[in-house]
Amino acid sequence: MDTKGKFPLDKFPKLETPFYYYDINVLNRTLDSLTTEAEKFNFKVHYALKANANPRILSIIHGYGLGADCVSGGEIRAAIQAGFPVSRIVFAGVGKADWEINLALDYNIFCFNVESIPELEVINEFAAKKGKTANIAVRINPNVKADTHHYISTGREENKFGIALGDVEKFIDAVESFSNVKLVGLHFHIGSQILEMNNFAGLCSRVNELQDQLAKRNMVVEHINVGGGLGIDYHYPERQSVPNFADYFKTFRSMLKLRDGQTVHFEPGRSVVGQCGSLITKVLYVKEGTNKQFSIVDAGMTDLIRPALYQAYHKIENCSSEKPIQKYDVVGPICESSDCFGKDVELNGTKRGDYLAIRSAGAYGEVMASQYNLRRLPQACFSDDI
Ligand SMILES: *Cc1c(COP(=O)(O)O)cnc(C)c1O
């Protein structure tokens, strides 16, 4: 499908490349679908800020009434600044620092997702000092498979995340022995960029088994948090610009055996913001190599690190050219061989000054940008105000 018309090329020359271009229409359609489908089952959705914490994006997401899933004190502050109510902020992460725990306690956030007994002890101690009781959910490593890159799979025994299934009762005993923490939920997250509903069904089975096990000690928690992880179509960003939230939620609705009054919480990140963003970069040079040609662009792994970090695929388009297709390795200016956005990429004939769009870059793109090589950070622009 020809997608070039979707970029306002006439507006680009006034912007310094590289920059992130956010299609607000795609973001709104995604949020419409997400909230409509979740409301059908009364599912609670906390947006995972780590995917994209651009203030404008956050304020749009907040406008749809979502909660926030934060993994640092900085994210808690950004969520509050964007207007997310503290009563709908959860705080996750395997290594919460003292100041971050204290900050979260001071704001009376909804819940800590706790990953170890030593962490539980510290939260209990700090809560006691403040005369508070902290709501906690235990993050459990369900040891289920996720068909995704091993760097973004989190729910296997060998990962650093969560409490092993066999240690859950020991953790609950610990919670019961402390007076300033209260167990309100069970938390899971099996990985990211998951498109196989079977993987989520596997998670549901583990949740059900664990609930049966806890029922034996007359224990029912208030909420089940199944994390995030729904993937997007990186190869065909147009074919499914809005992820299939209907099937995703139906899988949980049909598979989870809930107890009376239990609510289900989700923490999507990538699926909310992935497709609305593109990294726009200009071609600096076209260089003929021995067996290939390189399109050297002004964006690098400092602007979008996913290809270098996890060999991630992003579709690349030449927005400025209708010339016949040729193959290029699209590479950045950074002094690292991994600074490559794609090998043998089929692009319309490319010359210096052409605009390339690196698609599906709304999640784990801008937010992961760095200044390595003392580069400038990429700017952001929005379809509705350029
Ligand atoms: C990263 C993460 C998420 C969001 O994952 P996506 O794949 O972006 O949906 C949600 N919950 C936890 C605990 C995470 O670590």
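A quick note: this is a predicted structure, and the numbers were derived from the prediction, not measured.

Colleague: Account for the pattern of salt bridges, with residues named and values stated.
Modeller: Scanning the model with the defined rule gives 25 salt bridges in all. Between Arg217 and Asp173 there is a salt bridge whose closest N-O contact spans 2.8 Å. Of this pair, Arg217 sits in the loop between α7 (197–215) and β9 (223–225) while Asp173 is found in helix α6 (residues 168–177), placing the two residues 44 residues apart along the sequence. Arg217 gets classed as partly exposed once you look at its relative accessible area, which sits at 26%. Within this structure, Lys6, Asp23, Glu238, Lys315, Glu317 and Arg359 form a network of salt bridges that share partners.

Colleague: I'd like to hear about the site of the ligand, residue by residue, with values.
Modeller: In the vicinity of the ligand, 14 residues are found, and the nearest of them are Lys50, Ser192, Glu267, Arg270 and Tyr364. Contact distances for the ligand include 3.4 Å between a nitrogen atom and a side-chain N or O atom of Asp69. A distance of 2.8 Å separates an oxygen atom of the ligand from a polar backbone atom of Arg270. In the complex, the protein chains occlude 94% of the 390 Å² of accessible area that the ligand would expose alone. For the shell around the ligand, the class distribution of residues is three nonpolar, six polar and five charged.

Colleague: Account for α6, with residues named and values stated.
Modeller: Those residues of α6 lying buried are Val168, Phe171, Ile172, Ala174 and Val175. Buried residues of α6, viewed axially, fall in a sector of 155°; they line one side. Away from its buried face by more than 90 degrees, α6 exposes Lys170, Glu176 and Ser177. Taken together, the buried residues of α6 touch β5 (111–114), α5 (117–129), β6 (134–141), β7 (163–164), β8 (181–187) and α7.

Colleague: Hey, could you go over the domain arrangement of the protein chain for me, with residue numbers and the actual values?
Modeller: Here the protein chain is partitioned into domain 1 (3–19 + 275–382) and domain 2 (24–274). For domain 1 versus domain 2, the distance between C-alpha centres works out to 33 Å. Across the interface of domain 1 and domain 2, roughly 2,200 Å² is buried in total on both sides, 58% from carbon and sulfur atoms. One can count two salt bridges joining domain 1 with domain 2. Arg359 is paired through a salt bridge with Glu238; the nearest N and O atoms lie 2.6 Å apart. Summed over the shared surface of domain 1 and domain 2, the number is 10 residue pairs in polar contact (both at pLDDT 80 or more). Looking at the side of domain 1 that touches domain 2, the elements that each hand over two or more residues are α10 (306–310) and β17 (379–382).

Colleague: Describe the packing of helix α1 (residues 24–40) against helix α8 (residues 245–255), and please don't skip the residues or the numbers.
Modeller: Running from amino to carboxyl end, α1 crosses α8 at an angle of 25°, the nearest separation of the two axes being 9 Å. In terms of their interaxial angle, α1 and α8 are classed as roughly parallel. As α1 packs across α8, the resulting crossing turns out to be right-handed. Within the contact between the two elements, α1 uses Thr30, Ser33, Leu34, Glu37 and Ala38 and α8 uses Phe245, Ala246 and Phe249.

Colleague: Tell me about the packing of aromatic side chains, and please be specific about residues and values.
Modeller: For the coordinates displayed, the defined rule picks out 19 aromatic pairs. With a centroid separation of 5.5 Å and 65° between ring planes, the pair formed by Phe7 and Tyr21 is classed as edge-to-face. One end of the pair, Phe7, is in the segment before β1 (19–22); the other, Tyr21, is in strand β1, with 14 residues separating them in the sequence. The pair formed by Phe7 and Tyr21 is uniform in burial state, with each residue classed as buried. Aromatic side chains Tyr20 and Tyr22 sit 6.1 Å apart centroid to centroid with 15° between the ring planes, which places their arrangement in the stacked category. Of the two residues, Tyr20 and Tyr22, neither departs from the other in class, the shared state being buried. Aromatic ring contacts, followed pair by pair, group Phe41, Phe43, Phe200, Phe245, Tyr248, Phe249, Phe252 and Phe266 into a single cluster. Across the ring face of Phe7, the terminal group of Lys6 is positioned such that the distance to the ring centre comes to 6.0 Å.

Colleague: Help me get a handle on the nonpolar core, residues and values and all.
Modeller: Most often, soluble globular proteins keep nonpolar side chains buried together rather than apart. The biggest cluster of nonpolar side chains holds 94 residues, and the ones touching the most others in it are Phe112 and Phe252. Residue assignment places this core across two domains, with domain 1 (3–19 + 275–382) and domain 2 (24–274) each supplying three or more. Aside from chain neighbours lying at most four places away, what touches Phe252 is Phe43, Phe200, Leu203, Cys204, Val226 and Phe266. Counting residues in each nonpolar core, the second largest holds 10 residues, with Cys319, Tyr355, Cys381 and Ile386 among its members.

Colleague: I'd like a description of helix α2 (residues 55–63), backed by residues and values.
Modeller: Those residues of α2 that sit buried are Ile57, Leu58, Ile60 and Ile61. The buried residues of α2 occupy an angular sector of 160° when projected down its axis, which confines them to one face. The exposed set on the far side of α2, more than 90 degrees from its buried face, consists of Pro55 and Gly63. In this structure, the buried side of α2 is in contact with β1, α1, β2 (44–48), α3 (73–81), α9 (270–273) and β17. Backbone nitrogen of Arg56 and a side-chain oxygen of the N-cap are separated by 2.9 Å at the start of α2; the cap is Asn54. Gly65 sits one or two residues past α2 and shows a positive phi near 80°.

Rules behind the numbers
Residues numbered from 1 in each chain as written. Predicted model: local features only at pLDDT ≥ 70, side-chain atom pairs only at ≥ 80, totals over all residues. Heavy atoms only, no water. Salt bridge = Lys/Arg side-chain N within 4 Å of Asp/Glu carboxyl O. Helix = DSSP H or I, 4+ residues; strand = E, 2+ residues; numbered from the N terminus. Buried < 20%, exposed > 50% of the residue type's maximum accessible area, 1.4 Å probe, protein only. Near = heavy atom within 4 Å. Polar contact = N/O pair within 3.5 Å; in protein donor to acceptor, adjacent residues only side chain to side chain. Areas by Shrake-Rupley, 256 points an atom, 1.4 Å probe, with all protein chains shown as cover. Nonpolar A, V, L, I, M, F, W, Y, C, P; charged D, E, K, R; others polar. Arc of directions from axis to C-beta. Contact = heavy atoms within 4.5 Å. Domains from an automatic or database assignment. Buried area = accessible area lost by both parts, 1.4 Å probe. Axes fitted to C-alpha atoms, helices over the stretch in contact; angles between N-to-C directions. Parallel < 35°, antiparallel > 145°, perpendicular 65-115°, else oblique. Left-handed = near helix turned anticlockwise from the far one by under 90°. Phe/Tyr/Trp six-rings, centres within 6.5 Å; stacked < 30°, edge-to-face > 60°. Lys NZ or Arg CZ within 6 Å of the ring centre and 35° of its normal. Core = buried A, V, L, I, M, F, W, Y, C linked by side-chain atoms within 4.5 Å.

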